[in-house]
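Residues per chain are reported as follows:
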Amino acid sequence: MKSREIALFGLSLLAGLTGGFSLRKKQQSQPNESSPLFYAGTWRFVDPHNQRQHRLEISPNLDIRIDGRALEVTVQELNEHQLTFQDKFGYHLVIHANEQRPVSFFDEADDCTYTVHAIEPPTP
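Residues numbered from 1 in each chain as written. Predicted model: local features only at pLDDT ≥ 70, side-chain atom pairs only at ≥ 80, totals over all residues. Heavy atoms only, no water.

The protein appears in an unreviewed UniProt entry as DUF4828 domain-containing protein from Levilactobacillus namurensis.

In C-alpha cells, the structure reads:
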C-alpha cells in the first residue's frame, strides 16, 4: 500500500512540475502587447526653429492631429517604447515613450525630434 501511495505522490509531483514549467514557458513566449490608450492624449511641443508651441493629439483609435489638423497616417508599429506612423508621403512620425508616458516626437519630414509634455485637461 505504501509503495502505491509513494508512486502516486511521485506522479502527482512530476505532473505538477511539468505543468508549471510549460505554463511558465507559455507566459514567456507571448509577446508584450501595448495598448493604444498608453499613447492617447494631448501633448504640446515647441519647434526649436521658431519657438512656436504646437499641439499634438492622439486619439484612442490612433488618429493624429497637429494644431487641430488631422493627418493622413497609418500605424506602422506599436509597442511599449514607440508608436510609429507613416504619412501619405512616406515619412515617419515616431512617438517615443518611457515606462510612464510618451516623451518625444520625431518628425522624419523635418528631421527633428521634439520633447512632448502632457496638456492637463481643465478642471471644472
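There's plenty left to go through after this.
### So, the side chain of aspartate 107
Heads up, the rule is: The helix and strand labels rest on DSSP assignments: H or I over at least four residues marks a helix, E over at least two residues marks a strand, and numbering proceeds from the N terminus. Burial classification: accessible surface area is computed with a 1.4 Å probe over protein chains only, and a residue below 20% of its type maximum counts as buried, one above 50% as exposed, and the rest as partly exposed. Charge convention: Lys and Arg are scored as positive, Asp and Glu as negative, and His as well as the terminal groups of each chain are ignored. One speaks of a salt bridge when a side-chain nitrogen belonging to Lys or Arg is within 4 Å of a carboxyl oxygen belonging to Asp or Glu. As used in this structure description, the phrase polar contact means that two N or O atoms lie within 3.5 Å; if the pair is within protein, one of them must be able to donate a hydrogen and the other to accept it, and residues adjacent in sequence are counted only when both atoms belong to side chains. By definition, residues are in contact when any of their heavy atoms lie within 4.5 Å.
Along the chain, the position of aspartate 107 falls in strand E8 (residues 102-107). For aspartate 107, which is buried and forms no salt bridge, the nearest opposite charge comes from arginine 69, at a distance of 8.4 Å. Engagement of the side chain of aspartate 107 in a polar contact is seen with the backbone nitrogen of alanine 109, the distance being 3.1 Å. Aspartate 107 has contacts with His92, Leu93, Cys112 and Tyr114, leaving out every residue within four places of it along the chain.

### Some remarks on the sheet that holds strand E10 (residues 117-118)
For the record, the criterion: Two strands pair under a simple rule: DSSP has to find at least two bridges between them.
Judged by pairing direction, the sheet is antiparallel, and its five strands sit side by side in the order E4-E3-E2-E1-E10 without closing on themselves. Across the chains shown, the open sheet's two edge strands, defined by having one partner strand only, are strand E4 (69-70) and E10. Taken together, the three bridges between strand E2 (residues 53-58) and strand E3 (residues 64-66) define a ladder with antiparallel strand orientation. Counted as the bridge partner of leucine 56 is isoleucine 66 from E3.

### Some thoughts on the sheet that holds strand E6 (residues 82-87)
Basically, it comes down to this: Geometry is summarised by axes, namely lines fitted to C-alpha atoms with helices restricted to the contacting stretch, and by angles between N-to-C directions that run from 0 to 180 degrees.
Reading across from one edge, E5-E6-E7-E8-E9 is the order of the five strands in this open sheet, with antiparallel pairing throughout. Where the open sheet ends on each side, the last strands, each with one partner, are strand E5 (73-78) and strand E9 (112-115). Pairs of neighbouring strands in the sheet enclose a mean axial angle of 20°, with direction left out of account. As defined by bridge partners, E5 adjoins E6 across five bridges and the pair is classed as antiparallel. For leucine 78, the partnering residue across the bridge sits in E6 and is leucine 83.

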